[in-house]
Amino acid sequence: MPDVNMPKLSDTMEEGTIVEWKKKTGDDVKTGDVLAEVESDKATFDLEAESDGVLSILVEQGVPAKIGAPIARIGEASEAAPAPKKAAPAPAKQKETEAPPQVAEEQQPAAKSAPPKAEPEEKVEPTSPDGEDGQQVKASPLAKRLAAEMGVDIGSLKGSGPEGRIVKEDVLAAAGGKTKSERRRPEAAPRAAGPDVEVVDPTRMQATIAKRMAESKSTVPEFTVTVEARVDEAVKMRQQLKDSVPGAEKVTMTDFLVRACALALRKFPEVNTSWVDGRFQRKRAVNIGLAVAPSQGMGLLVPVVHDADLKDLVQISIESRQVIERARSGRPNEGDLSGATFSISNLGMYGVDEFVAIINPPEAAILAVGTIKDVPVVEEGRIVPGKVMRMTLSVDHRVFYGATAAQFMAEVKRLVENPVTLVVPPTR
């Protein structure tokens, strides 16, 4: 009976969780049938059967499983499978109907065998000179305290309690239910019904992103380098490719940047390096990750274009679109979300001028790209309209240094500003 094991789909994936079984124990399955929806640290993907037979589930939905661990088996109907692992029960929540504790001044705790005591308002107090003109005022201690807090002249009130005694309700009515400081404040907009704080559990992807980004900021000594590039020619060439080259209809500025960075990484291999266990690991392959948002919900996906330096601009455009679509649809191929040696994050389509991206270890750098803006520029002593784009490189200072970062960014800028170099077929 062959096992169905939890696959590894990214470098950082250590375990996966069955979100939903699409088949149940005893079902006949065929090769290619979707067995389950599995959540990893980077994406939710469909797990497909690799053989024909009868399914026996070993791990129930909601239960994490380590990479390579068997989560199901496919075999003959007569073969029995062990009982599946079940999810741990959720901790019981406090009943919402449980009564909140009362304010000490309004209700004193009563003895178990004794009847409840009367509220402080009903307690008869001796008169005291609390009025502004020194007149005697009958009032409960709680009423006096509230009057002081709310800025109410207690001597001007008419009591509604026994024998004309001033009680809490009289003070609240006079103050409109607000303290002195509250009455000075402008009226706030009405608050939506419900609790003040909504507690939301993160998805596995969000929890992993939070952990890795915190680790990056606390362990990586980073610095940034920003350049501004003229992209008038790149914009024109992009349009020309769309109009005249088959397969180039959907070439984006990000595709130009992938190609430019791939060529620059070949020229500056120090940037294509990682710091691991106190040593440099210089990568021979140039694999560029593309930080994108998932199709639904909050999170971050980084599909990877492998061997980007060996592919032309149209190949990069087609492959990047394919890996992004597979990742967003939950059907990534093996390697689609792993192996990146450098990453690009482009927020230009949202109108962001510039930003700083967080390095994704073990990579040593990430390029943050802003929007293309129409601005006046100086060209041969004349002010002319131009299109500019700002790019910021975040650098792990353990791996390479300011001069290398500046030279790398100068090369990326040169290539983007002279896009004909990006459409030249790559050399091996």
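How each quantity is defined
- Residues numbered from 1 in each chain as written.
- Predicted model: local features only at pLDDT ≥ 70, side-chain atom pairs only at ≥ 80, totals over all residues.
- Heavy atoms only, no water.
- Helix = DSSP H or I, 4+ residues; strand = E, 2+ residues; numbered from the N terminus.
- Buried < 20%, exposed > 50% of the residue type's maximum accessible area, 1.4 Å probe, protein only.
- Contact = heavy atoms within 4.5 Å.
- Areas by Shrake-Rupley, 256 points an atom, 1.4 Å probe, with all protein chains shown as cover.
- Core = buried A, V, L, I, M, F, W, Y, C linked by side-chain atoms within 4.5 Å.
- Phe/Tyr/Trp six-rings, centres within 6.5 Å; stacked < 30°, edge-to-face > 60°.
- Salt bridge = Lys/Arg side-chain N within 4 Å of Asp/Glu carboxyl O.
- 1 Å grid on protein atoms, 1.4 Å probe; cavity = no way out; pocket = protein on both sides within 12 Å on 5 of 7 lines; lining within 4 Å.
- Points joined across faces, edges and corners; volume = space filled by probe spheres on them.
- Nonpolar A, V, L, I, M, F, W, Y, C, P; charged D, E, K, R; others polar.
- Pairing = 2+ DSSP bridges.
- Expected span 1.5 Å × (residues − 1).
- Arc of directions from axis to C-beta.

### Some remarks on the overall build of the protein chain
The number of helices and strands found in the protein chain is eight helices and 16 strands. Counting all 428 residues of the protein chain, 39% fall into the buried class. Taking the contacts inside the protein chain whose residues are at least 6 apart along the sequence as the reference set, 62% of them involve residues at least 24 apart. Per element, the accessible surface of the protein chain, about 24,500 Å² overall, is 52% carbon and sulfur.

### Focus on the nonpolar core
In this structure, Ile288, Phe342, Ile344, Leu367, Met391, Leu393 and Phe408 are the most contacted members of the largest nonpolar core, which totals 56 residues. Counting residues per element, this core draws most heavily on helix α6 (residues 253–267), which supplies nine residues. Not counting residues up to four positions away in its chain, the partners in contact with phenylalanine 342 are Cys261, Leu265, Val271, Asn287, Ile288, Gly289, Glu363, Ala365, Leu367, Leu393 and Phe408. Counting residues in each nonpolar core, the second largest holds 22 residues, with Met13, Leu35, Leu55 and Ile71 among its members.

### Some details on the packing of aromatic side chains
As enumerated under the stated definition, the model contains two aromatic pairs in all. Note on tryptophan 275 and phenylalanine 280: the rings are 5.1 Å apart at their centroids and 70° apart in plane angle, and the pair reads as edge-to-face. A residue is classified by how much of its surface remains accessible, and phenylalanine 280, at 47% relative accessible area, is partly exposed. Taken together, a centroid distance of 5.7 Å and an interplanar angle of 55° make the contact between phenylalanine 342 and phenylalanine 408 tilted. With phenylalanine 342 in strand β14 (residues 342–346) and phenylalanine 408 in helix α8 (residues 402–417), this pair connects stretches of sequence that are 66 residues apart.

### A look at the pattern of salt bridges
Where charged atoms from two side chains of opposite charge approach closely, those side chains can pair. Going through the model one piece at a time under the given rule, you end up with 21 salt bridges. Residues glutamate 319 and lysine 311 are paired through a salt bridge, measuring 2.6 Å at the closest nitrogen-oxygen approach. Via salt bridges that share partners, Glu20, Lys22 and Glu37 belong to a single interconnected network.

### What about the layout of surface pockets?
By volume, the largest pocket is sized at about 1,000 Å³. Leu290, Ala291, Val292, Ser345 and Asn346 are the residues nearest the centre of the largest pocket, which is lined by 44 residues in total. Looking at the lining of the largest pocket, the elements with two or more residues in it are α4 (204–219), α5 (232–244), α6, β12 (288–291), α7 (313–329), β14 and β15 (365–379). The class makeup of the residues in the lining of the largest pocket is 22 nonpolar, 13 polar and nine charged. The wall of the second largest pocket is formed by 20 residues, among which Asn5, Pro7, Leu47, Glu48 and Glu50 lie closest to the centre. Going through the elements one at a time, β1 (3–5) and β5 (44–48) are the ones with two or more residues in the lining of the second largest pocket. Residue contributions to the lining of the second largest pocket peak at four residues, all from β5. A breakdown of the residues in the lining of the second largest pocket according to their chemical character gives 10 nonpolar, three polar and seven charged.

### Quick word on the sheet that holds strand β6 (residues 53–57)
Sheet architecture is open: four strands sit in the order β1-β8-β6-β3, paired in antiparallel fashion. The sheet is open, and its two edges are formed by β1 and β3 (28–29), each paired on a single side. Pairing between β1 and strand β8 (residues 70–75): three bridges, direction antiparallel. Bridge pairing links aspartate 3 to arginine 73 in β8.

### A closer look at the environment of proline 2
By the secondary structure assignment, proline 2 is in the segment before β1. Here the alpha-carbon distance between proline 2 and serine 51, two residues 49 residues apart in the chain, equals 8.3 Å. Excluding anything up to four places from it in sequence, proline 2 contacts Ser51, Ala72, Arg73 and Ile74.

### Comments concerning α6
Spanning 15 residues, α6 covers 21 Å between terminal C-alpha atoms, matching the ideal 21 Å at 1.5 Å per step. Of all 15 residues in α6, 12 are buried; the element is thus mostly enclosed. Among the residues making up α6, those that are buried are Met253, Thr254, Asp255, Phe256, Leu257, Val258, Arg259, Ala260, Cys261, Ala262, Ala264 and Leu265.

### Observations concerning the sheet that holds strand β13 (residues 304–305)
Strand order across the open sheet formed by six strands is β9-β16-β15-β14-β12-β13, with mixed pairing between neighbours. Unpaired on one side and paired on the other, β9 (222–230) and β13 mark the two borders of the sheet. Both β12 and β14 contribute to a ladder of four bridges, which runs parallel. Looking at β14, one finds that isoleucine 288 is bridged to phenylalanine 342.

### Side note on the environment of glycine 299
Tracing the backbone shows glycine 299 in the loop between β12 and β13. The class for glycine 299 is partly exposed, based on a relative accessible area of 31%. C-alpha separation for the pair glycine 299 and proline 202, spaced 97 residues apart in sequence, amounts to 9.8 Å. When sequence neighbours within four positions are dropped, the list of residues in contact with glycine 299 reads Met205, Ile209, Ala293 and Pro294.

### Some words on unusual backbone geometry
The linkage connecting proline 361 with the following residue, proline 362, adopts the cis geometry, with an omega of 10°. By secondary structure assignment, the location of proline 362 is in the loop between β14 and β15. A positive phi is found at aspartate 307, a non-glycine position, where the angle reads about 50°. Here aspartate 307 shows up in the loop between β13 and α7.

### Describing α8
Helix length check: α8, at 16 residues, gives a terminal C-alpha distance of 22 Å against a target of 22 Å (1.5 Å per residue), a fit within 8%. Among all positions in α8, only Thr404, Ala405, Phe408, Met409, Glu411, Val412, Leu415 and Val416 are buried. The buried residues of α8 occupy one face: seen down the axis, they fall within an arc of 155°. For α8, the elements touching its buried residues are β9, α5, α6, β14, β15 and β16 (382–396).

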